[in-house]
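Examination of the molecular architecture
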Amino acid sequence: MYDKKLKIAIQKSGRLSKDSRKLLHNCDIKVNFQKNKLISFSENMPIDVMCVRDDDIPGLVIDGIVDLGIVGRNVLEEEVLKRKFKLEKISFKILKHLDFGICRLSIGLPTEKKYYGINCLNGLRIATSYPYILKKYFNKKNISFKLCKLNGSVEVAIRAGLADAIFDLVSTGEALVSNGLKEVKIIHNSSACIISNDSNLNLFKKNIINTFISRINGVIKARESKYIVMHISSSKVNSIINLFSGCTKPTIYKLKFLEKDEMVAVHIVSRESIFWDTMEKLKELGAKSILILPIEKMLE
Ligand code: ATP
Ligand code: ZN
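Keep in mind it's a predicted model, so treat the numbers as computed, not measured.

**Concerning the sheet that holds strand β3 (residues 47–52)**
Strand order in the open sheet formed by 6 strands is β2-β3-β1-β4-β11-β5, and the pairing between neighbours is mixed. With one partner strand each, in any of the chains shown, β2 (39–41) and β5 (93–97) form the two edges of the open sheet. Adjacent strand axes in the sheet meet at a mean angle of 30 degrees when their direction is disregarded. Of the strand pairs in this sheet, strand β1 (residues 6–11) and strand β4 (residues 68–72) are connected by 2 bridges, and their pairing is parallel. Bridge pairing links Ala-9 to Gly-69 in β4.

**Observations regarding the site of ligand 1**
By nearness alone, 16 residues border ligand 1, and Gln-11, Arg-15, Asp-55, Asn-74 and Ser-171 come closest of all. Contact between ligand 1 and Asp-55: an oxygen atom at 2.7 Å from a side-chain N or O atom of the residue. Here Ser-171 contributes a side-chain N or O atom positioned 2.7 Å from a nitrogen atom of ligand 1. Taken together, the residues that form the shell around ligand 1 break down as 6 nonpolar, 6 polar and 4 charged.

**Some details on the domain arrangement of the chain**
Assigned domains of the chain: these are domain 1 (2–100 + 192–222), domain 2 (103–190) and domain 3 (225–293). Summarising the inter-unit geometry, the C-alpha centres of domain 1 and domain 2 are found 29 Å apart. Taken together, the contacts link 9 residues of domain 1 with 11 residues of domain 2. If you look at where domain 1 meets domain 2, you find 1 salt bridge. Counting across the interface, domain 1 meets domain 2 through 6 residue pairs in polar contact (both at pLDDT 80 or more). If you tally residues by element for the side of domain 1 that touches domain 2, the top one is helix α3 (residues 73–85), at 8 residues.

**A look at the coordination of the zinc ion (ligand 2)**
Coordination sphere of the zinc ion (ligand 2), protein contribution only: Asp-54 (OD) and Asp-55 (OD), at 2.0 to 2.1 Å. Around the zinc ion (ligand 2), the 4 donor atoms are arranged such that angles at the metal cover 75 to 169 degrees; this shape is classified as irregular. The class for Asp-54 is buried, based on a relative accessible area of 18%. Asp-55 sits in the partly exposed class, given a relative accessible area of 39%.

**A look at the side chain of Ser-191**
For Ser-191, the position within the fold is in the loop between β10 (181–190) and β11 (192–196). Apart from residues lying up to four places away in sequence, Ser-191 is in contact with Val-71, Gly-72, Arg-73, Leu-98, Phe-100, Gly-101 and Ile-102.

**Points about the packing of aromatic side chains**
Throughout the structure, instances matching the rule amount to 3 aromatic pairs. A ring pair is formed by Tyr-137 and Phe-138, whose centres lie 6.1 Å apart and whose planes are at 55 degrees; its orientation type is tilted. Of the two residues, Tyr-137 and Phe-138, both sit in the buried class. Ring centres of Phe-138 and Phe-145 lie 5.2 Å apart, and the angle between their planes is 80 degrees; this geometry places the pair in the edge-to-face category. Residue classification places Phe-138 among the buried positions, given a relative accessible area of 0%. For Phe-145, a relative accessible area of 19% corresponds to the buried category. Taken together, the ring pairs connect Tyr-137, Phe-138 and Phe-145 into an aromatic cluster.

**Structural notes on unusual backbone geometry**
Phi is positive for Ser-153, close to 55 degrees, though the residue is something other than glycine. With respect to the helices, strands and loops of the structure, Ser-153 is situated in the loop between β8 (146–149) and β9 (165–170).

**Description of the pattern of salt bridges**
Inspection of every chain in the model, using the stated rule, returns 14 salt bridges. Residue Arg-53 pairs with Asp-55 through a salt bridge whose shortest N-O separation is 3.4 Å. The class for Arg-53 is exposed, based on a relative accessible area of 58%. Between Glu-79 and Lys-82 there is a salt bridge, with its nearest N and O atoms 3.9 Å apart. In this pair, Glu-79 and Lys-82 are both assigned in helix α3, 3 residues apart and thus about one turn of the helix distant. The exposure class assigned to Glu-79 is buried, which follows from its relative accessible area of 14%. On the basis of relative accessibility, which here comes to 30%, the residue Lys-82 falls in the partly exposed class. Several salt bridges converge on common partners, so that one network encompasses Asp-63, Glu-79, Lys-82, Arg-83 and Glu-88.

Rules of the game
- Residues numbered from 1 in each chain as written.
- Chains lettered and ligands numbered in written order.
- Predicted model: local features only at pLDDT ≥ 70, side-chain atom pairs only at ≥ 80, totals over all residues.
- Heavy atoms only, no water.
- Pairing = 2+ DSSP bridges.
- Helix = DSSP H or I, 4+ residues; strand = E, 2+ residues; numbered from the N terminus.
- Axes fitted to C-alpha atoms, helices over the stretch in contact; angles between N-to-C directions.
- Near = heavy atom within 4 Å.
- Polar contact = N/O pair within 3.5 Å; in protein donor to acceptor, adjacent residues only side chain to side chain.
- Nonpolar A, V, L, I, M, F, W, Y, C, P; charged D, E, K, R; others polar.
- Domains from an automatic or database assignment.
- Contact = heavy atoms within 4.5 Å.
- Salt bridge = Lys/Arg side-chain N within 4 Å of Asp/Glu carboxyl O.
- Donors = N, O, S within 2.8 Å, 3.2 Å for Na, K, Ca; no water.
- Tetrahedral: all angles 85-135°; square planar, octahedral: opposite > 155°, others 65-115°.
- Buried < 20%, exposed > 50% of the residue type's maximum accessible area, 1.4 Å probe, protein only.
- Phe/Tyr/Trp six-rings, centres within 6.5 Å; stacked < 30°, edge-to-face > 60°.

In structure tokens, the structure reads:
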């Protein structure tokens, strides 16, 4: 049967779920999410959204049960290494790295324990939910360790006498500190990404994916950009443009004629955030009525 609906898997509830839903919303994919329902349908696009545990997302994509998944690279990497270890076939593609779900996988030790390099971890028992990523790194460094595999509560494993060290997700590091631990070595940096099962897609689905990815690019570009409006003497327009590296050609409107000076309104799209020092430089150049506005969407 020619499948005419794209299936996307996102995390049901947790640290990625809000941002994943927001991403769909910002791409104008309207989904009527219903509590405790595995599948929700889009009202305006041929898309079904599956809400599942994040650990299941890489497998669902690799096995071709869904077409796209939004998942952390940490969970993806662990699943891929597990499947490689079992000599299973792996087929997937990272379509886009996203700007949320930013965290890292690090080794943590009790605060009082001295750390003098990765070799001092040799032979320790390490608690983690990510044994394959840990094993890959330790093998590369020729270090042995004893594994304590836990699916949760890793941060209390040392206090509970289950392990000497932990290998766990860290974002601010506050959770480590509040458990009497310190971060001694970052092993894997992670953020959310969109993955697809490339081998399974018909042309219809490929087209929807292209639209989705192009909208995401527009959303990200818009978020990073600012729309700047100001009034300035036309003789200063070039100095103004030089202040904004990477800005597109400005739009200039004539305002009024004074005796010598021609005042214009300059509209610029800047690719970067605007800081106060740029605003102050604009003022020094004689700019007036300066407005910095957020951009909602951008398509080039
Ligand atoms: P599930 O019930 O879906 O299995 P979980 O408890 O395994 O959820 P969460 O704690 O919700 O997972 O984290 C999901 C993902 O979010 C992590 O695998 C990681 O990629 C990312 N993540 C973890 N901690 C943070 C953080 N503090 N900030 C942002 N992203 C994070
Ligand atoms: Zn999980």
